[in-house]
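For reference, the chains in residue letters:
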Amino acid sequence: MNFLFDTSIDVSRRQFYVLAMGSCIGNLAGFIGNALIFGWSGTTIFCGICMLLMVAGSFIGIKKGQIRYASYLMIAVLSLVEFPALYYIYQTGTIVYMVLAMVAIAIFIPTGNAIRFAGVVIVADVAAVILAYVRPLESEKLSKEVVLQSTLCSLLIVLLCVFLLSILLQMQRQRQEEEVKKLNEQLKDAADKDALTGIYNRRYLNQYLGDLILDEKEEFDAVLIDLDFFKHVNDTYGHGFGDIILVEFARLLTKHVKNKGIAVRFGGEEFMLVLKGMNTDEIGKMLEHIRREYKEFTKHEKNIECSFSSGVQHYTEGIAVTVLYRLADEKLYAAKERGRNQDVFDLES
């Protein structure tokens with residue numbers, strides 16, 4: 001049944017599956033009902049032929065890929081041949097089939113063509129009703145019990161088909177909505193994450209800090225990090241290795257930050273950590289752990305010891321995001337001026 005709801009399949013094909021299933025099941029039920037009520041009469045054989053046409057149309061649409069033509073063929077047989085003929089033969093309760101045909105036209109035929117198609121079907125239905133009244137088919141008079149059985153059979157078949165079509169289309173719509181929701185989440189995630197490293201980007205950082213600043217109860221520190229002599233590493237070992245370094249460094253940041261805040265690629269070889277509920281000593285120890293593991297990685301990869309510098313700015317009430325960035329950047333600049341490979345918490349120390 002997954003082929004009915006797999007959103008990787010074109011929506012018109014999935015809708016055709018519903019039409020094929022509904023028309024084949026409905027015609028099979030009608031054929032069996034006629035056989036049980038009227039035996040192997042000409043009408044029963046007629047219903048059997050219509051059922052075979054539905055199977056053939058389904059085969060043409062599914063196996064041959066001619067979905068549009070198969071849809072028109074199947075609905076034309078139902079609405080212009082089978083249902084008017086059944087009404088002319090039996091009258092009474094079989095008129096509900098004509099309503100079912102209009103439902104199928106509205107669902108499975110494109111709007112412009114559906115309006116024209118429905119007009120033709122209405123004319124055919126009205127003609128069948130008038131003809132049955134003016135020149136009724138001369139046949140053996142049916143008993144009340146047979147008329148009741150025929151009417152109930154017609155009603156149950158139509159109710160089954162309408163319910164089946166409605167529930168399957170509803171399930172398709174729900175699956176489509178779930179896929180759209182998932183896609184939107186993926187797009188949002190892609191918009192918030194750096195393509196290379198997979199950690200948050202500056203766009204998300206601005207939003208995140210804005211939310212933190214709005215919540216006056218939150219206290220946090222912004223750590224602006226720059227990889228020392230990264231351009232030299234790129235020039236010496238190539239941009240491929242430079243990318244490897246950026247990805248690994250982002251992994252280290254994510255590993256150590258965990259639930260204490262977020263790690264962000266600020267731009268180029270610059271990163272920012274936003275840390276909540278940590279004091280100066282704790283932040284310093286975290287940065288030293290990251291620094292040691294970063295050196296070990298580059299030592300292992302290229303037998304070089306790379307380092308980074310950082311500026312740590314504590315948020316105080318009333319500071320704008322742009323000011324926070326500037327103050328952290330001033331401390332980062334001081335760390336570089338003092339020889340790099342260090343963290344500056346206070347410009348005066």
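In this text the structure is predicted, and so the values were computed from the model without any measurement. (Residues numbered from 1 in each chain as written. Predicted model: local features only at pLDDT ≥ 70, side-chain atom pairs only at ≥ 80, totals over all residues. Heavy atoms only, no water.)

**Regarding the sheet that holds strand 3 (residues 270–276)**
For step 1, the next point in the chain: Across the sheet, which stays open at both edges, the 5 strands sit in the order 2-3-1-4-5 with mixed pairing between neighbours. Edge strands, defined here as strands with exactly one partner in the open sheet, are strand 2 (261–267) and strand 5 (343–344).
For step 2, the next point in the chain: Of the strands in this sheet, strand 1 (220–227), strand 2, strand 3 and strand 4 (308–314) touch helix 9 (residues 239–257), which is tilted by about 5° from strand 3.
For step 3, the next point in the chain: Taken strand by strand, helix 10 (residues 280–302) contacts strand 1, strand 3, strand 4 and strand 5, and its axis lies near 160° from that of strand 4. (Pairing = 2+ DSSP bridges. Helix = DSSP H or I, 4+ residues; strand = E, 2+ residues; numbered from the N terminus. Contact = heavy atoms within 4.5 Å. Axes fitted to C-alpha atoms, helices over the stretch in contact; angles between N-to-C directions.)

**Looking at the pairing of strand 3**
For step 1, the next point in the chain: For strand 3, the buried fraction is high: 6 of the 7 residues fall into the buried class.
For step 2, the next point in the chain: Looking at chain direction, strand 1 and strand 3 are connected through 7 bridges and run antiparallel. Among the inter-strand pairings, Ala-222 is bridged to a residue of strand 3, identified as Val-274.
For step 3, the next point in the chain: Pairing between strand 2 and strand 3: 6 bridges, direction antiparallel. Of the residues in strand 3, the one forming a bridge with Val-264 is Met-272.
For step 4, the next point in the chain: Two successive antiparallel strands, strand 2 and strand 3, enclose a turn made up of 2 residues, where Gly-268 displays a positive phi of approximately 60°. (Buried < 20%, exposed > 50% of the residue type's maximum accessible area, 1.4 Å probe, protein only.)

**What to know about the layout of surface pockets**
For step 1, the next point in the chain: What the second largest pocket holds in volume is close to 200 Å³.
For step 2, the next point in the chain: Every residue along the wall of the second largest pocket is listed here: Ser-12, Gln-15, Phe-16, Leu-19, Ile-67, Arg-68, Ser-71, Tyr-72, Ile-107, Phe-108, Ile-109 and Pro-110.
For step 3, the next point in the chain: Secondary structure elements with two or more residues in the lining of the second largest pocket: helix 1 (11–38), helix 3 (67–90) and helix 4 (96–108). (1 Å grid on protein atoms, 1.4 Å probe; cavity = no way out; pocket = protein on both sides within 12 Å on 5 of 7 lines; lining within 4 Å. Points joined across faces, edges and corners; volume = space filled by probe spheres on them.)

**Concerning the side chain of Ser-79**
For step 1, the next point in the chain: Residue placement: Ser-79 occurs in helix 3.
For step 2, the next point in the chain: Within polar-contact distance, the side chain of Ser-79 engages the backbone oxygen of Ile-75 at 2.6 Å.
For step 3, the next point in the chain: Not counting residues within four places of it along the chain, the set of residues in contact with Ser-79 comprises Pro-84, Ala-101, Ile-105, Phe-117, Val-121 and Asp-125. (Polar contact = N/O pair within 3.5 Å; in protein donor to acceptor, adjacent residues only side chain to side chain.)

**Quick word on empty space enclosed by the protein**
For step 1, the next point in the chain: Under the counting rule described, the total for this entry stands at 2 cavities of 30 Å³ or more.
For step 2, the next point in the chain: If you add up the space inside the largest cavity, you get close to 230 Å³.
For step 3, the next point in the chain: Lining the largest cavity are 20 residues, and of these Asn-27, Leu-78, Phe-83, Leu-100 and Cys-161 lie nearest its centre.
For step 4, the next point in the chain: Sorting the residues of the lining of the largest cavity by element identifies helix 1, helix 3, helix 4 and helix 6 (144–192) as the ones contributing at least two each.
For step 5, the next point in the chain: Here the lining of the largest cavity takes 7 residues from helix 1, the largest share from any one element.
For step 6, the next point in the chain: A class-by-class count of the residues in the lining of the largest cavity yields 13 nonpolar, 6 polar and 1 charged.
For step 7, the next point in the chain: The calculated volume of the second largest cavity comes to roughly 90 Å³.
For step 8, the next point in the chain: In this structure, the second largest cavity is lined by Gly-30, Gly-33, Asn-34, Ile-37, Phe-38, Leu-86, Tyr-90, Thr-94, Tyr-97, Ser-150, Cys-153 and Ser-154.
For step 9, the next point in the chain: With 5 residues, helix 1 is the largest single contributor of residues to the lining of the second largest cavity.
For step 10, the next point in the chain: Across the lining of the second largest cavity, the residue classes tally to 6 nonpolar, 6 polar and no charged. (Nonpolar A, V, L, I, M, F, W, Y, C, P; charged D, E, K, R; others polar.)

**A word on the pattern of salt bridges**
For step 1, the next point in the chain: Summed over all chains, the structure comprises 10 salt bridges.
For step 2, the next point in the chain: We note a salt bridge from Arg-251 to Glu-248, for which the minimum N-O separation is 2.8 Å. Of this pair, Arg-251 and Glu-248 are both found in helix 9, 3 residues apart, which corresponds to roughly one turn of the helix.
For step 3, the next point in the chain: On the accessibility criterion, Glu-248 (14% relative accessible area) is buried. (Salt bridge = Lys/Arg side-chain N within 4 Å of Asp/Glu carboxyl O.)

**Some details on helix 11 (residues 321–337)**
For step 1, the next point in the chain: Look at helix 11: 24 Å from first C-alpha to last across 17 residues, which is about the 24 Å you get at 1.5 Å a residue.
For step 2, the next point in the chain: Looking at helix 11, one finds that the buried residues are Val-321, Leu-324, Tyr-325, Ala-328, Lys-331, Leu-332, Ala-334 and Ala-335.
For step 3, the next point in the chain: Just past helix 11, the residue Gly-339 takes up positive phi, approximately 115°. (Expected span 1.5 Å × (residues − 1).)

**A closer look at the packing of aromatic side chains**
For step 1, the next point in the chain: Considering all chains together, one arrives at 11 aromatic pairs under this definition.
For step 2, the next point in the chain: An angle of 65° between the planes, with centres 5.8 Å apart, marks the rings of Tyr-237 and Phe-241 as edge-to-face.
For step 3, the next point in the chain: Site record: aromatic cluster; members linked through ring pairs are Phe-249, Phe-271, Tyr-294 and Phe-308.
For step 4, the next point in the chain: Just above the ring of Phe-241 sits the side chain of Lys-302; from NZ or CZ to the centre is 5.2 Å.
For step 5, the next point in the chain: Over the ring of Phe-229 we find Arg-340; its NZ or CZ atom is 4.5 Å from the centre of that ring. (Phe/Tyr/Trp six-rings, centres within 6.5 Å; stacked < 30°, edge-to-face > 60°. Lys NZ or Arg CZ within 6 Å of the ring centre and 35° of its normal.)

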